[in-house]
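The primary structure of each chain is shown beneath.
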2 protein chains.
Amino acid sequence: MRQKRITLKDIARETGVHVSTVSRALDPVERKSITEEVASRIQAAADALGYRPNRIAAGLRTNRTMTVGVMIPDITNVIFPPILRGIESVLEPLGYASIIVNTDSERDRESRLVDVLRDRGVDGIIHAAVLRSDPSIARAAAEGLPVVTLNRMVENSQIPYIINDEDAGICEMLRHLRDLGHRDIAHLAGPQDLSTGQLRLAAFRNAAATLSLEFRPDLVATARRFDEQEGARGIRDLLASGRTFTAVLCANDRLALGAIDELREHGIDCPREVSVTGFNDMPFLDLIRPRLTTVRILQHSAGQTAATVLLQLMNGDKAEDIPMETILPVEIVVRESTAPAGSLVRS
Amino acid sequence: MRQKRITLKDIARETGVHVSTVSRALDPVERKSITEEVASRIQAAADALGYRPNRIAAGLRTNRTMTVGVMIPDITNVIFPPILRGIESVLEPLGYASIIVNTDSERDRESRLVDVLRDRGVDGIIHAAVLRSDPSIARAAAEGLPVVTLNRMVENSQIPYIINDEDAGICEMLRHLRDLGHRDIAHLAGPQDLSTGQLRLAAFRNAAATLSLEFRPDLVATARRFDEQEGARGIRDLLASGRTFTAVLCANDRLALGAIDELREHGIDCPREVSVTGFNDMPFLDLIRPRLTTVRILQHSAGQTAATVLLQLMNGDKAEDIPMETILPVEIVVRESTAPAGSLVRS
DNA sequence: GTGAAAGCGCTAACAC
DNA sequence: GTGTTAGCGCTTTCAC
């Protein structure tokens, strides 16, 4: 019952011309090389028969599938869907579809998935993973496959990357806390095998120097995952250490949320006693009390930008026209989880 | 610089056999028809050269692309990512990749996207949209393309569908409210052009009958979108009508969240004065106070089930082996937003 | 058990 | 301006 598709051959038979003529008539650029009358007759027949081009066949011939691969750690992480919509918003109108794969931040899975995408002949890959280094994607790029990375860069490679200005985000946030009078500021760092975790810790250290604040390694707790449980654990560790602090700058929102919860468990009020800040500005944040002060990143734009650069690569634009580095601005969003420094936690 | 791929021909040249022999040696089922020695020599050469099959070419020949299409309304809606992971969890190990498209619940976009998927030769489509009817997907199915729908059924079609037992969810929730002593129970209904909105309203009406509660049309407010703003507006309308109620059963979590917020604006405490319930049990719900009592649906399982049924269809299983209807169980999750009925709101 | 040959649907040289 | 031809990389029928 699987109905057979209408092919160029069917239209050729119907209109009495050769397949190649049909092919040309239906190709917007080649169409001008065909008598208008014939072209429109062909077009009419195609419409009447309900012709749909077989992109598989075209792809085999042209080596362009009009498909791109998008690699992300995990689609259930709320920061990625907006990025995907951003990518789609530029690629889809141009006729591209995307194959999205989840790496779960596992190295071997990641390189397997690169192969999966290449086997399917994707015209390019947008790689929004968070692993710090990744040979397979670099190899693909070196072999000539258009690749751009999002959120991180691959060292020693010619792969264009789009990142958020995390340094600025962390620095502005630290400045915000300093301006509120905080001096003993803890940092709840993310996993150090993820680029975001590592970058933000480095940014925190640099920002402290910039702002003439003392960097206190003993006030840094490192999470093993970017989730609420680890945020809570970080606070517990900090509290258990007996150190004193009036603010906690967290490497992402979920750590911050866990931190606030754990502080509450210990009878410590945020923001009255301890200020807490996040990073990412994930959805639904304004429904959670206290509303979190955080760093907003431009997820949708990041996706759009990545797609735009990938297009340039796929179009074979001149190397000098392709931006190797794009740093997107971030902004801090001050809500309710930060307040002027009050009495120190514990004595 | 785009490196040329290794093809069967290269391996054939390398090993001194014919391409068709190489093809057979590399095909797990055909391999047995080849002398083991030759087969392993070919395998070795393939590995050495780093051969990767070109699925585009194979697809053109076999009419199977090992790619499925997945249509959802909007990936940024948190209920969909888990469904996608569920789908992926069964399809990916079998070598399938998926092309995900967002319909934005627009009819014309939806039918265009069906074509986009078919042009790419997907082997099947999982359609998790929420529009009530949709001719294009029905047509595709009628023409023999394997299709299954998630969350809704297409009337008068032979398309297998997977739905959640929403009737039971609404009924259990209403029972929960009744058991807490509530009698004047409002319903914040979802958009009536979406199947979930319509189904849940019908379920509410039926459940009222089942539980011997009066169904009060004047206590039903209908949202235009499934979001917090509309939840708030629904409550405003209900309050403005001067009607009295002690509980609000909402058609989804976001409406419920907006409702609770708006009640608070009016100085009405949830759950002390009015109980509010949601539907979906979306992520992060346990971070929002009061923690919402809601209906949990099995998103991951729904995806897995849809993928499994699609596989049966794609494998050409006998019709009687393919479940036309799968109703997944739901469970109510009682948290903090419901409490015994107290004094009525307003007098 | 292996080779030869055809062909999936399309595009792109080249011919006329 | 249109037809002819070849071929993308693979699978599969048919020989031997």
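All of these numbers come straight from a predicted model, not from anything done at the bench.

Residue and element names in this part refer to chain B. As for its position among the elements, R64 is in the loop between α4 (55-62) and β1 (67-72). Overall, R64 belongs to the partly exposed group, its relative accessible area being 33%. Between the alpha carbons of R64 and A142 there is a distance of 18 Å; along the sequence they are 78 residues apart. Apart from the residues lying within four places of it in its own chain, the contact partners of R64 are G59, Y96, D123, M314 and N315.

Before going further, it helps to examine the relation of the copies chain A and chain B. For the pair chain A and chain B, the best superposition has an RMSD of 0.0 Å and corresponds to a rotation of 180 degrees with a translation of 0.0 Å parallel to the axis. These values place the two chain copies in the arrangement generated by a two-fold rotation axis. Taken together, the interface assignments show that 98% of the residues at the interface of chain A recur at the interface of chain B, consistent with an identical surface on both copies.

Below, the discussion takes up the UniProt feature "domain: HTH lacI-type" (unreviewed entry) in chain A. Look at the UniProt record and you will see "domain: HTH lacI-type" (unreviewed entry) annotated at residues 6-62 of chain A. Along residues 6-62 of chain A the backbone is 67% helical and 0% strand, and the end-to-end C-alpha distance reaches 20 Å.

Turning next to the domain arrangement of chain A. Residue and element names in this part refer to chain A. Under the domain assignment, chain A is made up of domain 1 (8-53), domain 2 (65-163 + 299-328) and domain 3 (166-297). Relative to domain 3, the C-alpha centre of domain 2 lies at a distance of 30 Å. Between domain 2 and domain 3 lies a buried interface of about 890 Å² when both sides are counted; carbon and sulfur atoms form 59% of it. The tally of links between domain 2 and domain 3 comes to 0 salt bridges. Looking at the side of domain 2 that touches domain 3 residue by residue, the classes come out as 4 nonpolar, 3 polar and 2 charged.

Taken together, 23 residues form the shell around DNA strand C, and within it L8, Y51 and R61 of chain A together with T21 and T35 of chain B come nearest. Sugar and phosphate atoms represent 61% of those atoms of DNA strand C found within 4 Å of the protein. A distance of 2.5 Å separates a phosphate oxygen of DNA strand C from a polar atom in the side chain of Y51 of chain A. At the level of secondary structure, the elements contributing two or more residues to the surface near DNA strand C comprise α2 (19-26) and α4 (55-62) of chain A together with α2 (19-26) and α4 of chain B. Tallying contributions element by element places α4 of chain A first for the surface near DNA strand C, with 4 residues.

About the thresholds
- Residues numbered from 1 in each chain as written.
- Chains lettered and ligands numbered in written order.
- Predicted model: local features only at pLDDT ≥ 70, side-chain atom pairs only at ≥ 80, totals over all residues.
- Heavy atoms only, no water.
- Helix = DSSP H or I, 4+ residues; strand = E, 2+ residues; numbered from the N terminus.
- Buried < 20%, exposed > 50% of the residue type's maximum accessible area, 1.4 Å probe, protein only.
- Contact = heavy atoms within 4.5 Å.
- Least-squares fit on C-alpha atoms with pLDDT ≥ 70 in both.
- UniProt positions renumbered as here; feature names shortened; annotations may be inferred.
- Domains from an automatic or database assignment.
- Buried area = accessible area lost by both parts, 1.4 Å probe.
- Salt bridge = Lys/Arg side-chain N within 4 Å of Asp/Glu carboxyl O.
- Nonpolar A, V, L, I, M, F, W, Y, C, P; charged D, E, K, R; others polar.
- Near = heavy atom within 4 Å.
- Polar contact = N/O pair within 3.5 Å; in protein donor to acceptor, adjacent residues only side chain to side chain.

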